[in-house]
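Per-entry structural report
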Amino acid sequence: MSVWTEVVGQPEAVATLSAAAEAAASIVAGGSPAPGAMTHAWLFTGPPGSGRSSTARAFAGALQCTVTDDRPGCGHCTGCRTALHGTHADVRVVVPEGLSISVAEMRALVQTAARRPTGGRWQVVIIEDADRLTEGAANALLKAVEEPPDRTVFLLCAPSDHPDDVSVTIRSRCRLVPLGSPRPKAIAEALEQIDQVAPEMAAWAASVCGGHVGRARRLANDEEARNRREAVLKIPLALRRPADVFTCADELIKAAEEDALTANEARNEEERAALETAMGAGGTGKGTAAATRGAKGAIKDLEKRQKSRATRTQRDSLDLALVDLAGFYRDALVTKTGSEASLNHPDRAADSKTAAAQWSSESILRRLEAVLACREAIDLNVKPRIAIEAMVTTLHRG
């Protein structure tokens, strides 16, 4: 099983990156590959779930692969395994905890990336959600990308190469690797082969995940995720009375809050316990009281970061619910027009047919536009409850 096994349904990207990894191995060995075969900055773009981060990590593994008698990326050597699991000394992964990546965080990362690789191969920096870079952070990264240290590679992940996601100057210095949404068949095969999911469940999860590999895995393995999706998709036909507006809005907000709590609770406790231990909690002797007082500021900073992370998780969860809702109204419109296009939620085809029979095409379209407007409002930092209640009111009225 090579490092590329986790890259689902992206054969062209794998071919490009495999060739680059071979060129990189040649450089390490003292060779001179063709100009442009390997470069210092890469930009992975694609819709959510297309595997931007997984592809970047796989490429990092191939760059750190120590097996030289075969194509880089064996998946078995120490370099591959530690890179994929996030424990390689020369691979750093930046995952925004909050809503953005700060300039201070990026400056510290750039300084670290300037060091020579400890293993003698490559210093690799993976920046997930590079579209969350603040202006200052983007400028700090640009300086490093313009004058890259030897043997340092930057791997950026973003939804697109549009200036709203990645600045034009950074984009111009990166080699683009576009990714598409994997086909359901490829996702189902990955679930069966990698995650050992039963064929029937794998096929169902692949058909309703909207091309999002991570979502398919969660739906296939987590019953609570399946229940939350079910609750969201019941909303369109459950809005019969004005009072239902607030009930459904409350359910959406509550589901997002519970999702954020479930995702972060264990990690928050572990981080707090580790920090308290590091600051001398439970110790005795001289200096313990002073250390405990000093820990209060550190704990406050940790709580601030955890709160920011919870906000992001909640918004991501809400956005996922809104994508499901948009998919339902899109399915209703497809059914209404008699199109042969495949449904986003084939398991809810009966509900889509009911909605298509009850509502006009104009009414369905207004509802779909309300969901999309809600997503945009939340992205612009409108309070989620206000945006959700406004959306559900339109969904009720049609």
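None of these values were measured; they are calculated from a predicted model. (Residues numbered from 1 in each chain as written. Predicted model: local features only at pLDDT ≥ 70, side-chain atom pairs only at ≥ 80, totals over all residues. Heavy atoms only, no water.)

**Some points on the overall build of the chain**
To keep it simple, the criterion reads: Numbering of helices and strands runs from the N terminus; a helix is a DSSP stretch of H or I covering at least four residues, while a strand is a stretch of E covering at least two. Exposure classes here rest on a 1.4 Å probe applied to the protein chains alone. A residue is buried below 20% of its type maximum, exposed above 50%, and partly exposed in between. The contact rule is simple, with two residues in contact once any of their heavy atoms fall within 4.5 Å. The Shrake-Rupley method, run with a 1.4 Å probe, gives the accessible areas here. Residue values count only the displayed protein chains as cover.
Scanning the chain from terminus to terminus reveals 16 helices and five strands. Across the 398 residues that make up the chain, the buried fraction comes to 42%. Restricting to contacts in the chain with at least 6 residues of sequence separation, those with at least 24 account for 73%. Carbon together with sulfur atoms contributes 52% to the accessible area of the chain, which is approximately 20200 Å² in total.

**Some thoughts on unusual backbone geometry**
Backbone geometry follows two general trends: most residues other than glycine have a negative phi, and most peptide bonds adopt the trans configuration. At Asp129, a position not held by glycine, the phi torsion is positive, near 50°. Take Asp129: it is sitting in the loop between strand 3 (123–127) and helix 5 (135–146). Take Asp129: its relative accessible area is 15%, and that puts it in the buried class.

**Topic: the pairing of strand 4 (residues 152–158)**
Applicable threshold: Note: two strands are recorded as paired if DSSP finds a minimum of 2 bridges between them. Call a crossover right-handed when, viewed with both strands pointing away from you, the route from the first strand across the helix to the second goes clockwise.
In terms of burial, strand 4 is largely enclosed, as seven of its seven residues are buried. Side chains of strand 4 alternate between two faces, with Thr152, Phe154, Leu156 and Ala158 and Val153, Leu155 and Cys157 buried alike. The pairing of strand 3 with strand 4 spans five bridges and is classified as parallel. Pairing of Ile126 across the sheet is with Leu155, part of strand 4. This β-α-β element, strand 3 to helix 5 to strand 4, shows right-handed connectivity.

**With respect to the side chain of His88**
Note the cut-off: Under this definition, polar contacts are N or O atom pairs within 3.5 Å; protein pairs additionally need one hydrogen-donor-capable and one acceptor-capable atom, and for neighbouring residues in sequence, both atoms have to be side-chain atoms.
Summarising the element assignment, His88 is placed in the loop between helix 3 (78–84) and strand 2 (91–94). A polar atom in the side chain of His88 sits 2.9 Å from the backbone nitrogen of Asp90. Excluding residues that lie within four positions of it along the chain, His88 makes contacts with Gln64, Gly79, Thr82 and Ala83.

**Regarding the packing of aromatic side chains**
Heads up, the rule is: Stacked, edge-to-face and tilted labels apply to pairs of Phe, Tyr and Trp rings (six-membered ring for Trp) whose centres lie within 6.5 Å, assigned for plane angles under 30 degrees, over 60, and everything in between, in that order. Here, a charge over a ring is recorded when the distance from Lys NZ or Arg CZ to the ring centre is within 6 Å and its angle to the ring normal is within 35 degrees.
With the rule as written, the count across this model stands at three aromatic pairs. Ring centres 5.7 Å apart and planes at 90° place the aromatic pair Phe328 and Tyr329 in the edge-to-face group. Chaining the aromatic ring pairs together yields one cluster made of Phe328, Tyr329 and Trp359. Above the plane of the ring of Trp122 lies Arg151, whose end atom (NZ or CZ) is 5.7 Å from the centre. Directly above the aromatic system of Trp359 lies the positively charged group of Arg367, at a separation of 3.9 Å from the ring centroid.

**Quick look at the environment of Ser54**
Relative to the helices and strands, Ser54 is located in helix 2 (residues 52–63). Looking at Ser54, the relative accessible area reads 33%, which means it is partly exposed. Residues Ser54 and Glu128 lie 74 residues apart in sequence; the distance between their C-alpha atoms is 10.0 Å. Dropping the residues within four chain positions of it, Ser54 is found in contact with Glu6 and Val7.

**Let's talk about helix 7 (residues 184–194)**
We count it as follows: Think of the arc as the fan of directions from the helix axis to the C-beta atoms.
Within the span of helix 7, buried status applies to Ile187, Ala188, Ala190 and Leu191. The buried side chains of helix 7 occupy one side of the element, clustering within an arc of 160° when seen end-on. The exposed set on the far side of helix 7, more than 90 degrees from its buried face, consists of Lys185 and Gln193. In this structure, the buried side of helix 7 is in contact with helix 8 (199–208) and helix 9 (213–221). Gln196 occupies a position one or two residues after helix 7 and carries a positive phi of about 60°.

**Some remarks on the pattern of salt bridges**
Just so we agree on the cut-off: Here a salt bridge means any side-chain nitrogen of Lys or Arg lying within 4 Å of a carboxyl oxygen belonging to Asp or Glu.
A full pass over the atoms with the stated rule returns 17 salt bridges. One salt bridge in this structure joins Glu6 and Arg217, with 3.2 Å as the shortest N-O distance. On the criterion of sequence distance, the pair formed by Glu6 in the segment before helix 1 (11–28) and Arg217 in helix 9 is long-range, its members being 211 residues apart. Accessibility expressed as a relative area gives 36% for Glu6, which makes it partly exposed. Of the charged contacts, one joins Asp250 and Arg385 as a salt bridge, the two residues approaching to 2.6 Å between their closest N and O atoms. With a gap of 135 residues between them, Asp250 in helix 12 (residues 243–278) and Arg385 in helix 16 (residues 384–397) connect regions that are remote in the sequence. Taking the relative accessible area as the measure of exposure, Arg385 reaches 36% and is therefore partly exposed. What you see here is one network of salt bridges that share partners, running through Glu6, Asp195 and Arg217.

**Brief notes about the sheet that holds strand 4**
How we decide: Only the stretch in contact is used when fitting a helix axis, every axis being a line fitted to C-alpha atoms; angles between N-to-C directions are given from 0 to 180 degrees.
Spatial ordering of the open sheet is given by 2-3-4-1-5, a layout of five strands whose pairing is parallel. Every interior strand has two partners, whereas the edge strands, strand 2 and strand 5 (175–178), have only one. Adjacent strand axes in the sheet meet at a mean angle of 15°, parallel and antiparallel pairs treated alike. Where helix 1 meets the sheet, its contacts fall on strand 1 (41–45) and strand 5, and the angle it forms with strand 1 comes to roughly 165°. Along the sheet, helix 5 makes contact with strand 1, strand 3 and strand 4, crossing strand 4 at roughly 135°.

**Regarding the packing of helix 1 against helix 2**
Let me state the cut-off plainly: Orientation categories follow fixed angle ranges, with anything under 35 degrees roughly parallel, anything over 145 roughly antiparallel, 65 to 115 roughly perpendicular, and all other angles oblique. For any helix crossing, the convention is left-handed if the near helix is rotated counterclockwise from the far helix by under a right angle, and right-handed if that rotation is clockwise. Each residue receives one of three labels: charged for Asp, Glu, Lys and Arg, nonpolar for Ala, Val, Leu, Ile, Met, Phe, Trp, Tyr, Cys and Pro, and polar for the others, Gly being one of them.
Look at helix 1 against helix 2: their axes get within 9 Å of each other, and the N-to-C directions meet at 30°. Between helix 1 and helix 2, the crossing angle belongs to the class labelled roughly parallel. Between helix 1 and helix 2 lies a crossing whose hand is right-handed. The residues of helix 2 that touch helix 1, namely those facing Leu17, Ala20, Ala21 and Ala24, are Thr55, Phe59, Ala62 and Leu63. Residue composition of the contact of helix 1 with helix 2, by class: seven nonpolar, one polar and no charged.

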